[in-house]
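# What the coordinates show
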Amino acid sequence: MIEEFCDVVVIGAGPSGSVAACKLLDAGFKVIILEKLEFPRFVIGESLLPKCNAILEDIGILDLIEKQNYMLKPGAIFIDENKNEELIDFRNNLGEEHNTSFQVKREEFDNTLLNAAKSKGADIRHKFEVVDYDNSTNTIFAIDENDKRYSFKARFVLDSSGYGRVLPKLMDLDIPSDLKLRNAILMRVTGEKRREEEKEGFIDIVIHDDNKAWLWGIPFSDGITSMGVVCEESYFTDTKLSKEDFLKKVISEHKYLKEKYKDAKQVAPVRIINGYSAAIKRMYGKGFALSGNATEFLDPVFSSGVTLALESSSKVASLIIKELNGETVDWQKDYEDYMMIGVNVFREFVYAWYSGKLRKIFYAKNKSKQIEKSIASILSGYVWDESNYFVKDTKRKIDALVSLIEE
């Protein structure tokens, strides 16, 4: 076995791992990133929120993203079965500094972030699979593509492994999510009917069959569009159709989608992701912490995944730096409790989406300007701003609004 030593081992080279590594490297620590796959690689989560821009700016790499010529994302358009539209413009917010973001192919975006970490000195090991963790000595055990065995003894271990959920599996930290498990069936196309230029970058969120399913449409700057449907597994399996035919069926049944995609050409295989929601017993322990989707993953409807991943990685890296410098860290208060504020706001919005409550609020004609701005800020990812109406007592306030609308 090959033995190595470092300050921090980061498991996973996605956005969460790369952003944490950038901050740790800037602070002067030696960082090894272990990644199971070769990059670039396909992953969903292609629609960013303005809060992401704020985090990327904070660590000094927003300019790298802005140079990539990604499609500007000013907001989201919600479309119902009768083609009624409700436009949520991120620029109509509560005064947040960043009010737009980007639509990105994640294989490109993630690679850009990882290269930023590499340029700062990260030691990146691709095709390294973590197989065990000795918490008592803070040692990660991994195997490379040639079956060589390694041990990495670190002062701190950060699990940013995303859907791989390495430490949750090794340490029995997983718990069932409160959210229903759903499938995402997706593909990429070109040649669909796009909106006029000033609205081209908005993400489509399309309600289908009284919200038994919904679809996204994410336009990229190169003319390709990511589109997919999200539904409970039985909604798909009961049709007994292949994933390809099911996706065609859903598109053909919706007035807006049928028109938009009538001339579209498929340019990537249809993929399916099963049961993606996940939760965790705790986000940290002695000598280790979890960030990004290795903690909680809610639902893709509001594109919260990358925002939570970047915020958690930025926050956790700051706390690791303090701990390694000999300062006392209150991990419960300053990390888990803090992160759960944002997670719980998004969670209540997801619940309200699937229950139909948010649909009533979005399409209500008598919303106040303050409510509109508050919604725009939440959907921009600013879910820790307690001056926002929805951040405290989120469920109660959503219910109160729905009651007013129904009067």
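The present account deals with the structure reproduced in this document.

On to the pattern of salt bridges, then. Side chains that carry opposite charge are capable of pairing whenever their charged atoms lie near each other. For the structure shown, the criterion picks out 37 salt bridges. Asp-174 is the partner of Arg-165 in a salt bridge, and the nearest nitrogen-oxygen pair spans 2.6 Å. A relative accessible area of 30% means that Asp-174 is categorised as partly exposed. Between Lys-249 and Glu-253 there is a salt bridge; the shortest N-O distance is 2.8 Å. Of this pair, Lys-249 and Glu-253 both sit in helix H7 (residues 243-253), four residues apart, which is roughly one turn of that helix. Within the structure, one salt-bridge network assembled from shared partners comprises Glu-85, Arg-195, Asp-204 and Lys-260.

This next bit is on the environment of Ala-21. Locating Ala-21 in the fold gives a position in helix H1 (residues 15-26). If near-sequence neighbours (up to four positions away) are discounted, Ala-21 is found in contact with Val-31, Ile-33 and Ala-117.

Turning our attention to a negative patch on the surface. Residues Glu-57, Asp-63, Glu-66 and Glu-97 make up a contiguous surface patch of negative charge. Following the sequence through the fold, Glu-97 ends up in the loop between strand E5 (85-89) and strand E6 (101-103).

Here we come to helix H2 (residues 50-58). All of the buried residues in H2 are Pro-50, Lys-51, Cys-52, Asn-53, Ile-55 and Leu-56. Close packing links the buried residues of H2 with H1, helix H3 (62-66), E6, helix H4 (106-119) and helix H9 (304-324).

Right, let's get into helix H10 (residues 331-355). Counted at 1.5 Å a residue, the expected span for H10 with its 25 residues is 36 Å, and the 34 Å between its end C-alpha atoms agrees. In the stretch just after H10, Gly-356 is the one whose phi turns positive, near 95 degrees.

Right, let's talk about the packing of aromatic side chains for a bit. For any pair of aromatic rings, the description rests on two quantities: the centre-to-centre distance and the angle between the ring planes. By the definition in use, this model includes 19 aromatic pairs. Ring centres of Phe-128 and Tyr-150 lie 4.8 Å apart, and the angle between their planes is 55 degrees; on these two criteria the pair is classed as tilted. A residue pair is termed long-range when its members are at least 10 positions apart, and Phe-128 in the loop between strand E7 (123-126) and strand E8 (129-134) and Tyr-150 in strand E10 (residues 149-159) qualify at 22 residues. Pair check on accessibility: Phe-128 and Tyr-150 agree, each one buried. Here Tyr-133 and Phe-288 contribute two aromatic rings whose centre-to-centre distance is 6.2 Å and whose plane-to-plane angle is 75 degrees, an arrangement assigned as edge-to-face. Taken together, the residues span a long stretch of sequence, with Tyr-133 in strand E8 and Phe-288 in strand E20 (residues 288-290) at a distance of 155 residues.

Let's shift gears to unusual backbone geometry. Of note, the amide linkage connecting Phe-39 to Pro-40 takes the cis form, showing an omega dihedral of -5 degrees. Among the structural elements, Pro-40 can be located in the loop between strand E2 (31-35) and H2. Here Lys-240, not a glycine, exhibits a phi torsion of approximately 60 degrees, which is positive. Relative to the elements of secondary structure, Lys-240 occurs in the loop between helix H6 (233-237) and H7. For Lys-240, a relative accessible area of 77% puts it in the exposed group.

Quick notes on the rules
Residues numbered from 1 in each chain as written. Predicted model: local features only at pLDDT ≥ 70, side-chain atom pairs only at ≥ 80, totals over all residues. Heavy atoms only, no water. Salt bridge = Lys/Arg side-chain N within 4 Å of Asp/Glu carboxyl O. Buried < 20%, exposed > 50% of the residue type's maximum accessible area, 1.4 Å probe, protein only. Helix = DSSP H or I, 4+ residues; strand = E, 2+ residues; numbered from the N terminus. Contact = heavy atoms within 4.5 Å. Patch = residues over 30% accessible without salt bridge, like charges linked within 9 Å, V, L, I, M, F, W, Y side chains within 5 Å. Areas by Shrake-Rupley, 256 points an atom, 1.4 Å probe, with all protein chains shown as cover. Lys, Arg positive; Asp, Glu negative; His and termini not counted. Charge placed at Lys NZ, Arg CZ, Asp CG, Glu CD. Expected span 1.5 Å × (residues − 1). Phe/Tyr/Trp six-rings, centres within 6.5 Å; stacked < 30°, edge-to-face > 60°.

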